Amino acid sequence: MKTSKASRPVTAFAGTVLLLGLLASCANTPPSTSLNAGADPPSAVAATPPVPQDLVKLLASDGVQVETASLADASQVEQSGISGDAATKFSVDEYGGAPEVHVFLVRVTNANAHPTDEPNALLISGALAYLVQMQGLAMEPMGGGSDPSKDDGATHSELDVFVDAMAGTELFSITVR
Amino acid sequence: MRSPWRVSATVCLLVSFASLGATWRSAPAFANGPCIWNQAIHTFTGVEDFGGTAYIAEGNLRDRLVHQCTGFDGSSGASAWVMLSGSGNGSEYAQAGYIKVNQMNNTKTFTEWNDGECGSSCGSSHWTRTLWPGIFQGGHVHEYIIGYSFTTGHVSMAIDNTTYDTTPFSIETEWSAPWHGQWEGELLDYGDDIPGTADAHATFTHIGVQYCRGCAVVDPGDAQKENELAPDTHFQWVNQPVAFDIWDTS
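Definitions and cut-offs
Residues numbered from 1 in each chain as written. Chains lettered and ligands numbered in written order. Predicted model: local features only at pLDDT ≥ 70, side-chain atom pairs only at ≥ 80, totals over all residues. Heavy atoms only, no water. Helix = DSSP H or I, 4+ residues; strand = E, 2+ residues; numbered from the N terminus. Buried < 20%, exposed > 50% of the residue type's maximum accessible area, 1.4 Å probe, protein only. Contact = heavy atoms within 4.5 Å. Areas by Shrake-Rupley, 256 points an atom, 1.4 Å probe, with all protein chains shown as cover. Salt bridge = Lys/Arg side-chain N within 4 Å of Asp/Glu carboxyl O. Disulfide = S-S within 2.5 Å. Pairing = 2+ DSSP bridges. 1 Å grid on protein atoms, 1.4 Å probe; cavity = no way out; pocket = protein on both sides within 12 Å on 5 of 7 lines; lining within 4 Å. Points joined across faces, edges and corners; volume = space filled by probe spheres on them. pLDDT = per-residue confidence, 0-100. Axes fitted to C-alpha atoms, helices over the stretch in contact; angles between N-to-C directions.

**Examining the overall build of chain B**
Okay, step 1: Along chain B, the regular secondary structure elements total two helices and 14 strands.
Okay, step 2: The 250 residues of chain B split such that 52% are buried.
Okay, step 3: Taking the intrachain contacts of chain B between residues at least 6 apart in sequence as the baseline, contacts between residues at least 24 apart amount to 68%.
Okay, step 4: Carbon and sulfur atoms form 51% of the exposed surface of chain B, whose accessible area is close to 10,600 Å².

**Here's the deal with the overall build of chain A**
Okay, step 1: Each helix and strand in chain A was counted, giving three helices and five strands.
Okay, step 2: For chain A, the N- to C-terminal ordering of α and β elements is α-α-β-α-β-β-β-β.
Okay, step 3: Counting over 177 residues, chain A shows a buried share of 37%.
Okay, step 4: When contacts within chain A are restricted to residue pairs at least 6 apart in sequence, those whose partners lie at least 24 apart make up 62%.
Okay, step 5: With an accessible surface of roughly 9,900 Å², chain A has 59% of that area assigned to carbon and sulfur atoms.

**Focus on the pattern of salt bridges**
Okay, step 1: Across all of its chains, the model carries two salt bridges over all chains by this definition.
Okay, step 2: Across the salt bridge formed by B:Lys108 and A:Glu170, the nearest N and O atoms sit 3.9 Å from each other. Of this pair, B:Lys108 sits in strand E5 (residues 108-115) while A:Glu170 sits in strand E5 (residues 170-176), placing the two residues on different chains. The burial state of B:Lys108 is the same as that of A:Glu170; both residues are buried.
Okay, step 3: In this structure, B:Arg129 engages B:Glu112 in a salt bridge whose closest nitrogen and oxygen atoms are separated by 2.6 Å.

**Brief notes about the state of the cysteines**
Residues and elements named next belong to chain B.
Okay, step 1: Following the criterion strictly, the structure yields two disulfides over all chains and no others.
Okay, step 2: What pairs with Cys212 in a disulfide is Cys215, and their sulfur atoms sit 1.5 Å apart. The sign of the S-S torsion, about -80 degrees, decides the handedness of the disulfide formed by Cys212 and Cys215: left-handed.
Okay, step 3: Residue Cys215 is classed as partly exposed on the basis of its relative accessible area of 28%.
Okay, step 4: Taking only the cysteines that form disulfides and numbering them from first to last, chain B has the pattern 1-2, 3-4.

**Some remarks on the pairing of E5(A)**
A regular strand places its side chains so that they alternate between the two faces of the sheet.
Okay, step 1: Counting buried positions over the seven residues of E5(A) gives seven, a clear majority of the element.
Okay, step 2: Pairing analysis gives six bridges linking strand E4 (residues 156-164) of chain A to E5(A), with the strands arranged antiparallel. Looking at E5(A), one finds that A:Val161 is bridged to A:Ser173.
Okay, step 3: Counting the residues that bridge the hairpin from E4(A) to E5(A) gives five residues, and of these A:Gly168 lies at a positive phi of roughly 80 degrees.
Okay, step 4: Summarising the sheet, E5(A) and strand E6 (residues 127-132) of chain B pair through two bridges and their orientation is antiparallel.

**Section: empty space enclosed by the protein**
Okay, step 1: Considering all chains together, one arrives at two cavities of 30 Å³ or more under this definition.
Okay, step 2: Of the volumes computed, that of the second largest cavity is approximately 60 Å³.
Okay, step 3: Taken together, A:Ala138, A:Met139, A:Glu140, B:Ala40, B:Gly74, B:Ser75, B:Val101, B:Asn102, B:Arg129 and B:Leu188 make up the lining of the second largest cavity.

**Focus: the side chain of B:Gln95**
Okay, step 1: Following the sequence through the fold, B:Gln95 ends up in strand E4 (residues 92-101).
Okay, step 2: By relative accessible area, B:Gln95 is classed as buried at 0%.
Okay, step 3: Residues within four places of B:Gln95 in sequence aside, it is in contact with A:Met142, B:Trp81, B:Val82, B:Met83, B:Phe110, B:Thr111, B:Glu112, B:Ile146 and B:Met157.

**Describing the confidence of the model for chain A**
All names here are of chain A.
Okay, step 1: For chain A, mean pLDDT is 56; residues scoring 70 or higher make up 31% of the total.
Okay, step 2: With pLDDT under 50 throughout, residues 1-54 is counted as low confidence; its partners more than four residues away or in other chains account for 22 contacts.
Okay, step 3: Of the regions scoring below 50 in pLDDT, residues 83-87 engages in four contacts with residues more than four places distant in sequence or in other chains.

**Digging into the environment of B:Ile146**
Residues and elements named next belong to chain B.
Okay, step 1: Here Ile146 is to be found in strand E7 (residues 141-148).
Okay, step 2: Exposure remark for Ile146: the relative accessible area of 0% places this residue in the buried category.
Okay, step 3: Measuring from C-alpha to C-alpha, the distance between Ile146 and Glu226 comes to 20 Å, with 80 residues separating the pair along the chain.

**Some points on the sheet that holds strand E14 (residues 243-248) of chain B**
Residue and element names in this part refer to chain B.
Okay, step 1: Across the sheet, seven strands lie side by side as E9-E8-E7-E2-E11-E14-E13; this open sheet has antiparallel pairing. For this open sheet the edge positions go to strand E9 (162-166) and strand E13 (233-239), each flanked by a neighbour on one side alone. Direction aside, neighbouring strands of the sheet carry axes that sit 25 degrees apart on average.
Okay, step 2: Pairing analysis gives six bridges linking E13 to E14, with the strands arranged antiparallel.

**Some thoughts on the environment of B:His142**
All names here are of chain B.
Okay, step 1: With respect to the secondary-structure elements, His142 resides in strand E7.
Okay, step 2: By relative accessible area, His142 is classed as buried at 6%.
Okay, step 3: On a C-alpha basis, the gap between His142 and Asp219 in space is 19 Å, while along the polypeptide they are 77 residues apart.
Okay, step 4: In this view, His142 contacts Gly59, Asn60, Leu61, Asp63, Ile135, Gln137, Ile159 and Asp160; residues no more than four positions away in its chain are not counted.

**Thoughts on the side chain of B:Asn102**
Okay, step 1: Relative to the helices and strands, B:Asn102 resides in the loop between E4 and E5.
Okay, step 2: Dropping the residues within four chain positions of it, B:Asn102 is found in contact with A:Ala138, A:Met139, B:Gln68, B:Phe72, B:Gly74, B:Ser75 and B:Ser76.

Here it is, written out as structure tokens:
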């Protein structure tokens, strides 16, 4: 909408006041309560999104490559795009919760789960997805009927849940470690 | 005609349930028991085929909600699935079906594979379970095909004609021969319920096996029923050897 000439000085003044107010507000912002709470103030280097090494290790072993787009902790998921109806489609509690949860925003760049495979049914190349890493779990393999596995060494401790960043719907989840 | 005692008993039951519902509205329609063990002890109800080396195992499952034991103490859960397995030990397999374990809120469709090498020094990539939202519906039939590739040696896990996962290894080098088809319900704690209830069985139909390259999928040649180790679990052939039901009455 165009602004009339008569109102421009008023708008400019109001904008200046608003800007000053924002600056003052920023100066009083309390420390972050995210995963980095207590860490040194962010620097230019720290602003670079950390690389989720576990994800890279997991997917690289499967021939899948991802690019890290940004990092968020669980409390920031709603602010990062999953909100409203979409937010109700995903819940960490769906998997029973976990002692520790980390959320990464990633972009899948190769949808083949394995080098010799057809593209994964739900892992879409180019898709933006949230990777929810649920750590501290204890998951055992199911085993076959004739001689089920009873080896404690086979237990995995992490479940990685992939969530469509646009729709908020779960794509799939996979055991790790 | 209903007998008077039966009618009055029904009324009493209704009144009892109504009063119970006032204080416990989430009372389940099933009666699973408390968790007994703090570690998984796998128990199976279903069929394993010994008719020869299997290259494909397939079947249709009507999915049913999984009811776990109460008072989670570390490991519980149940599942139903179709599997292609090796002969070396219980850790050589690729499977697809539905599952609810530990503290999951809902039953979900899953695929899982294992190269059989998970020992005390097992790394992270020897077995993987993947949960697939949106497929499990409760009471619906899905087709599961666990198939060996004569080109790559890998095994794919397909649900309703869509491949959801593939082993990252050739089973020729990782599994001991012969390979078998399995169709089972599985639980991890005697307090868990095998899928299916007296009123709504978990059904396995159209189970079949491919025994050679290029051959058609045929009926299992030697389908043997697993022992019913868990209390209150039931197995019944509906059309031997290609269809059976399982259910739990605890």
